Each structure stands twice: as C-alpha cells, then as structure tokens.
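The lines below spell out each chain.
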Amino acid sequence: MAELLLSNEPFIRVAAFAVILLAVAAWEVLAPRRHPKVGRATRWPSNIGVVMLDTLVVRLVLPIGAIGVALLAEGKGWGLLNALRVSTWLAIPLAIIILDLAIYLQHVLFHAVPALWWLHRMHHADLEFDVTTGVRFHPLEIFISMIVKMGVIAALGAPATAVLAFEVLLNATSMFSHGNIRVPTGPDRVLRWILVTPDMHRVHHSLVPRETNSNFGFNLPWWDRLFGTYRGQPAAGHEAMIIGIEQFREVREQRLDRMLTQPFREDDRSYALGRRKAAP
C-alpha cells in the first residue's frame, strides 16, 4: 500500500487539492460566513497564481522534496523514530502530530521575527478570507518552510507515508480553515477541539494585532490551547471584523506583481509577537 501511495504522489496531491478547493468553494457559495467586499475576480487569479509559482519554485530549487528526504532518512536509518525502531503503525501518527507541532512553532516564529514577518504578511494582506487565502504564501516563505520541514523530517525519521499523509492533510485543512463558510455554532464548538475551524482561524486574520497573534494552528487546535495562544472569538464579531493588516489596504495590492514585492516595501519594524501582549 505504501509503495502504491508513494508512486502516485503527484496525482494524490493534485487530486486532493482540486477536490478540497472545489468543495470548499462550493460551500462558500451555498453558506457564506461573511459577504465579501472584494470579489473573487480581483483576488483569485493572484492567489491561485502564487500557489502555482510556489509549486514551480519548490520543484526547481528543492527537487528532492519532503518525500525524498523521508525516503533518504529511512534508507540511511536517520532520525529518532528509526533509531528507536518504532513500529510503522505507531510511527505514522506520531510523525503527523510532531510535524504539525513543528508547523505551529514555525508559524509563531514567522510572526515573532520581523524579517520572517515581512515574508509572511503577504498571506495576511489578503483583504478577504476564503479558501484561496489558505494557499496564498510568498515563494520565499514556502522555500524557508520546506527547508525547515525537511530538517524536521530527517531529524525525526518520519516515514514517507506519514509525510505524504501530513502534507495532503495540511493542505486540505488549510483550505478548510480559511474557508468563508458557515459552520453551525454547536458543531463548531465541538469540532474545534479536534480540528481548526474557519471561525477559529479567521480570528488570526483580524486587523487587530492581539488577534492576529493568536490561533496559529492550521490543522490540530491543541497547540494554541497548550501554549496560550488560543482566542475564542474576534472582539468585533465575525461579520464586523476587519480582515488584513494595516499595510497594503489598496485593492491593487491584490495583484500578483504587487503581492510578490510586499516583503520589500513599507517595512513595519515595530511588528513582533510581543505586541499581542502590549495591545490594549
């Protein structure tokens, strides 16, 4: 089974991406949480365009990829799980959970370190919050994230099957958690104990710094609760809250060429994770 999955990795990735994107996009039409002021025609071409660019950059610059590192680690016996000879059935869920923790910590760092924030703020500069926001990341951020992920995979000795499952799961939950979709209050309250929901993650995209610096999880919600970064609701409510950051409020900043240069314009050197505590 593992060989079958890995041999069909590209198809699995593309198919999962397309299915989740279309499913959440349809949900957004049928049951939107907010009524967007900036339309899809303005934002979607750039948001989809940047994910295509990200994929191209990773394939060209890091052709071995995360799966390749996992296979190499397995062949060489690298990593904690290989050293401890952890059985595959236990190594797979452990690796997925630890990789998710690593992504959470990395996300916090991208908010805490100004130079990393300048890259990451392109994701937050989206003036709306929907399924395509979940794949909107600067190519330099994607490159750094991949380097970090590959290092964690090698140090952990994560099975290649676990890495494939994690990457597909993370991509799917990122699009779901960024969806402009209405989840009833009762199910949302229960679901956010096991999965990051759109109402939970939307708080993270608030213009208010103390809300921006909360709810860092994409997939598992436990880390925010464990490390004290969880915030239940936006102060202004989901319909009235303002999405985005203080910079790049003009609609033209949603163009792909403008998005790619945002890390190098309008430096906000005062922005750091500590502002979450300093804000009133």
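The sections below set out a description of the structure shown in this document.

The rules we used
- Residues numbered from 1 in each chain as written.
- Predicted model: local features only at pLDDT ≥ 70, side-chain atom pairs only at ≥ 80, totals over all residues.
- Heavy atoms only, no water.
- Salt bridge = Lys/Arg side-chain N within 4 Å of Asp/Glu carboxyl O.
- Helix = DSSP H or I, 4+ residues; strand = E, 2+ residues; numbered from the N terminus.
- Buried < 20%, exposed > 50% of the residue type's maximum accessible area, 1.4 Å probe, protein only.
- Patch = residues over 30% accessible without salt bridge, like charges linked within 9 Å, V, L, I, M, F, W, Y side chains within 5 Å.
- Areas by Shrake-Rupley, 256 points an atom, 1.4 Å probe, with all protein chains shown as cover.
- Contact = heavy atoms within 4.5 Å.
- Phe/Tyr/Trp six-rings, centres within 6.5 Å; stacked < 30°, edge-to-face > 60°.
- Lys NZ or Arg CZ within 6 Å of the ring centre and 35° of its normal.
- Core = buried A, V, L, I, M, F, W, Y, C linked by side-chain atoms within 4.5 Å.
- Polar contact = N/O pair within 3.5 Å; in protein donor to acceptor, adjacent residues only side chain to side chain.

## Quick word on the pattern of salt bridges
As enumerated under the stated definition, the model contains 16 salt bridges in all. One salt bridge in this structure joins R33 and E239, with 2.4 Å as the shortest N-O distance. One end of the pair, R33, is in the loop between helix 2 (9-30) and helix 3 (40-61); the other, E239, is in the loop between helix 13 (222-226) and helix 14 (256-261), with 206 residues separating them in the sequence. Judged by relative accessible area, which is 13%, R33 ranks as buried. Assessed through its relative accessible area of 48%, E239 is described here as partly exposed. The partner of D188 in a salt bridge is R192, and the shortest N-O contact between them spans 2.9 Å. We classify D188 as buried; its relative accessible area is 5%. Relative accessible area serves as the criterion here: at 4%, R192 is assigned to the buried category. Where salt bridges share partners, they join R33, R182, D199, R202 and E239 into one cluster.

## Regarding a nonpolar patch on the surface
Nonpolar side chains collect at one region of the surface, where L56, L60, V61, F143 and I147 lie side by side and expose about 460 Å² of accessible area between them. Contributing elements (two or more residues each) for the nonpolar patch: helix 3 and helix 8 (139-156). Top element by residues in the nonpolar patch is helix 3. It accounts for three residues. In this fold, L56 is placed in helix 3.

## Some points on the environment of I92
Note that I92 resides in helix 6 (residues 88-112). Classification of I92 as partly exposed rests on a relative accessible area of 23%. Expressed as a C-alpha distance, the spacing of I92 and L81, which sit 11 residues apart in the sequence, is 9.8 Å. If near-sequence neighbours (up to four positions away) are discounted, I92 is found in contact with P159, T161 and A162.

## A look at the packing of aromatic side chains
With the rule as written, the count across this model stands at five aromatic pairs. Taken together, a centroid distance of 6.2 Å and an interplanar angle of 45° make the contact between W27 and F176 tilted. Linking W27 in helix 2 with F176 in helix 9 (residues 160-177), this pair joins segments that are 149 residues apart in sequence. W27 gets classed as partly exposed once you look at its relative accessible area, which sits at 33%. Residue F176 is classed as buried on the basis of its relative accessible area of 13%. For the pair Y104 and F216, a centre-to-centre distance of 6.2 Å together with 85° between the ring planes defines the contact as edge-to-face. Taken together, the residues Y104 in helix 6 and F216 in the loop between helix 12 (209-212) and helix 13 connect sequence positions 112 residues apart. Take Y104 and F216: they sit in the same class, and that class is buried. Ring-pair connections join several aromatic residues into one group, and the members of that group are Y104, F216 and F227. In this arrangement the basic side chain of R225 is found over the ring face of W193, its NZ or CZ atom lying 3.8 Å from the centre.

## Details of the nonpolar core
Among the nonpolar cores identified, the biggest contains 25 residues, and A95, M146, I153, A158, V163 and F166 are the most heavily contacted of them. Breaking this core down by element, the ones donating at least two residues are helix 4 (65-76), helix 6, helix 8 and helix 9. Sorting elements by how many residues they give to this core places helix 9 first, with six residues. Excluding residues that lie within four positions of it along the chain, A95 makes contacts with L81, L156, A158, P159 and A162. Core analysis: the second largest hydrophobic core is formed by 11 residues, V24, V135, M175 and L195 among them.

## Comments concerning the side chain of R258
As for its placement among the helices and strands, R258 is situated in helix 14. Assessed through its relative accessible area of 18%, R258 is described here as buried. Of the polar contacts made by the side chain of R258, one reaches the side chain of E253; its length is 2.7 Å. Excluding anything up to four places from it in sequence, R258 contacts R252, E253 and R265.

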